[in-house]
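# Breakdown of the fold
Next come the chains, spelled out residue by residue.
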Amino acid sequence: MKIKEARQAYTAQIDVLRNRQRELLKQKKEHDAKMPGQTGSEGGVILELSEEYRKRSQELQEKIDRVKEQIDEHIKLRDDVIEMEVGIANAEVSRQQGEAMQEYGEEMAKCLEIARRIANGDRVPASDEQKLMDFNMEVYMAAKNMAAMNMDKKHKDYDSLWGEEKDKAENPDPLEMAQDTEVNVEIPEIDLAEDM
C-alpha cells in the first residue's frame, strides 16, 4: 500500500469513528435528558434512579470511551505514516540538493580550469570562454589579462571541457515521491458492530 493510500485510509476511519462518537454522545445526552421523574417531599427533592437507567448510562459511556480509544489509536497510526512520508520527502530533497551542489562544484572546477588555460595563453573553445564569462566575469577578465602577459610562450589548443551536453533528468517532486512509496502498514478494523 502506498503512503498516500494509507494516510487516506486512516483519515477515513477516523471520520467514521468520530461520527460514531457523535452519535453515542447524542444518545447519552438524550438518555440523560430522560432522567426518571423526581418525587417530592416537604423537606426537599429526592432523586430516584433506576438500576436499568444507570446500567444503560454506563454502557453508553463505555462505548464512548472505546470509540475514543480507537480514534486515538488511528490518529497515532496516521501520524506515524505522515512521519514516514515527511522523512522520505526530506531524504529526497537532501539527495537532490546534494546532486545540485555536486554539479555546481564540477562546473566551478571546469570554469577555474578554463581560466587557468586562458591565463597561460592557451586556446580554448569559444563556448568554454562563454561559460567562464557567465560563471564569473571578474575571473574571466583576470585570466585574459594574464594571457596578455603570456603571449610569448608556447600555446596549446584544448577541446571543450563540457563535451556534448547531456540532457539533465528532471528531479521528481519529493512529496509526490514520498506519497507513492510503498509501505507495509496494516489498517486496523474499526469496531462498529455494537448497537447504536
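Everything below is about the structure printed above this text.
Since the structure is predicted, the reported quantities are computational estimates derived from the model, not experimental observations.

### A closer look at the pattern of salt bridges
- Following the criterion strictly, the structure yields 11 salt bridges and no others.
- Lys 28 is the salt-bridge partner of Asp 32, the closest N and O atoms lying 3.3 Å from each other. Here the residue Asp 32 and the residue Lys 28 both occupy positions in helix 1 (residues 3–33), the gap between them amounting to four residues, near one helical turn.
- Note on Asp 32: relative accessible area 27%, which makes it partly exposed.
- Salt bridges sharing common partners tie together Glu 92, Arg 95 and Glu 99.

### Thoughts on the nonpolar core
- Core analysis: the largest hydrophobic core is formed by 11 residues, namely Cys 111, Ile 114, Ala 115, Ile 118, Ala 119, Val 124, Leu 132, Tyr 140, Ala 143, Ala 147 and Trp 162.
- Those elements that provide at least two residues to this core are helix 2 (51–119) and helix 4 (137–149).
- Looking at this core, the element that brings in the most residues is helix 2, giving five residues.

What counts and how
- Residues numbered from 1 in each chain as written.
- Predicted model: local features only at pLDDT ≥ 70, side-chain atom pairs only at ≥ 80, totals over all residues.
- Heavy atoms only, no water.
- Salt bridge = Lys/Arg side-chain N within 4 Å of Asp/Glu carboxyl O.
- Helix = DSSP H or I, 4+ residues; strand = E, 2+ residues; numbered from the N terminus.
- Buried < 20%, exposed > 50% of the residue type's maximum accessible area, 1.4 Å probe, protein only.
- Core = buried A, V, L, I, M, F, W, Y, C linked by side-chain atoms within 4.5 Å.

Limitation: the analysis is restricted to geometry and does not speak to function.
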